[in-house]
Amino acid sequence: MAKKSIKIKNKRFTIHEVPQPSEAVDDLIALGFRKPYRDSIALTHFLGQKIILQEDLKGKEKDSTIFHELLHVTLPKMSEKDVLEIERTLFPVLYSYGLRFKK
């Protein structure tokens, strides 16, 4: 089975679907990074070049979440609040024009 991944900014990020994203980054916590919020449905693991998604996301919600995490990859210094604003503004437009991520 081929790994799901996306190449952006000359780096390949693999996409991992897990039951609880906040529990999938023990290596980062061991390095001193703060533990992600328990209710996070996705996160970007920059050191491991991974996008970690909650496994039960489907359809438009999953595409929107991947888009959100890609914003973090391309704009790493932008605040969560600003990334959310871009996602809420831009994703519906791109989705209406056919943006979809392969299953």
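Residues numbered from 1 in each chain as written. Predicted model: local features only at pLDDT ≥ 70, side-chain atom pairs only at ≥ 80, totals over all residues. Heavy atoms only, no water.

Things to note about a nonpolar patch on the surface
- Residues Leu-90, Val-93, Leu-94 and Tyr-97 make up a contiguous nonpolar surface patch of roughly 400 Å² in combined accessible area.
- Residue position: Leu-94 is located in helix 3 (residues 80–96).
- For Leu-94, a relative accessible area of 31% translates into the label partly exposed. (Patch = residues over 30% accessible without salt bridge, like charges linked within 9 Å, V, L, I, M, F, W, Y side chains within 5 Å. Areas by Shrake-Rupley, 256 points an atom, 1.4 Å probe, with all protein chains shown as cover. Salt bridge = Lys/Arg side-chain N within 4 Å of Asp/Glu carboxyl O. Helix = DSSP H or I, 4+ residues; strand = E, 2+ residues; numbered from the N terminus. Buried < 20%, exposed > 50% of the residue type's maximum accessible area, 1.4 Å probe, protein only.)

Digging into the packing of aromatic side chains
- Going through the model one piece at a time under the given rule, you end up with 3 aromatic pairs.
- Ring geometry for Phe-13 and Phe-46: centres 6.4 Å apart, planes at 90°, overall edge-to-face. Highlighted residues: Phe-13 in strand 2 (residues 11–18) and Phe-46 in the loop between strand 3 (42–45) and strand 4 (50–54), separated in sequence by 33 residues.
- Every member of this aromatic cluster is reached through a ring pair, and the members are Phe-67, Phe-91 and Tyr-95.
- The aromatic ring of Tyr-95 is capped on one face by Arg-100, whose charged end is 3.5 Å from the ring centroid. (Phe/Tyr/Trp six-rings, centres within 6.5 Å; stacked < 30°, edge-to-face > 60°. Lys NZ or Arg CZ within 6 Å of the ring centre and 35° of its normal.)

Details of the packing of helix 2 (residues 59–74) against helix 3
- Taken N-terminus to C-terminus, the directions of helix 2 and helix 3 make an angle of 130°; their axes are 9 Å apart at the nearest point. In terms of their interaxial angle, helix 2 and helix 3 are classed as oblique. Handedness of the helix 2/helix 3 crossing: right-handed. Residues Lys-60, Asp-63, Ser-64, Phe-67, His-68, Leu-71 and His-72 of helix 2 touch helix 3, and the partners they reach there are Glu-80, Val-83, Leu-84, Ile-86, Glu-87, Leu-90, Phe-91, Leu-94 and Tyr-95.
- In the contact of helix 2 with helix 3, the residues fall into 9 nonpolar, 3 polar and 4 charged. (Axes fitted to C-alpha atoms, helices over the stretch in contact; angles between N-to-C directions. Parallel < 35°, antiparallel > 145°, perpendicular 65-115°, else oblique. Left-handed = near helix turned anticlockwise from the far one by under 90°. Contact = heavy atoms within 4.5 Å. Nonpolar A, V, L, I, M, F, W, Y, C, P; charged D, E, K, R; others polar.)

A look at the pairing of strand 2
- As paired strands, strand 1 (residues 5–8) and strand 2 are joined by 4 bridges and run antiparallel to one another. Across the sheet, the residue bridging to Lys-7 is Arg-12, located in strand 2.
- Counting the residues in the hairpin turn of strand 1 and strand 2 gives 2 residues, including Lys-9, whose phi is positive at 55°.
- In terms of strand pairing, strand 2 meets strand 4 through 5 bridges, oriented parallel. Paired with Glu-17 across the bridge in strand 4 is Leu-53. (Pairing = 2+ DSSP bridges.)

Description of the layout of surface pockets
- Space inside the largest pocket adds up to approximately 870 Å³.
- Along the walls of the largest pocket sit 27 residues, with Ser-40, Ala-42, Leu-43, His-72 and Glu-80 positioned nearest its centre.
- Of all the secondary-structure elements, those providing two or more residues to the lining of the largest pocket are strand 3, helix 2 and helix 3.
- A total of 6 residues in the lining of the largest pocket trace back to one element, the largest contributor, which is helix 2.
- Residues that form the lining of the largest pocket fall into these classes: 13 nonpolar, 8 polar and 6 charged.
- There is about 190 Å³ of room inside the second largest pocket.
- Together, Lys-4, Ser-5, Ile-6, Ile-15, Glu-17, Lys-62, Ile-66, Arg-100, Phe-101, Lys-102 and Lys-103 line the second largest pocket.
- Contributions of two or more residues to the lining of the second largest pocket are made by strand 1, strand 2 and helix 2.
- Its residues placed into classes, the lining of the second largest pocket shows 4 nonpolar, 1 polar and 6 charged. (1 Å grid on protein atoms, 1.4 Å probe; cavity = no way out; pocket = protein on both sides within 12 Å on 5 of 7 lines; lining within 4 Å. Points joined across faces, edges and corners; volume = space filled by probe spheres on them.)

None of this, on its own, says anything about what the molecule does.
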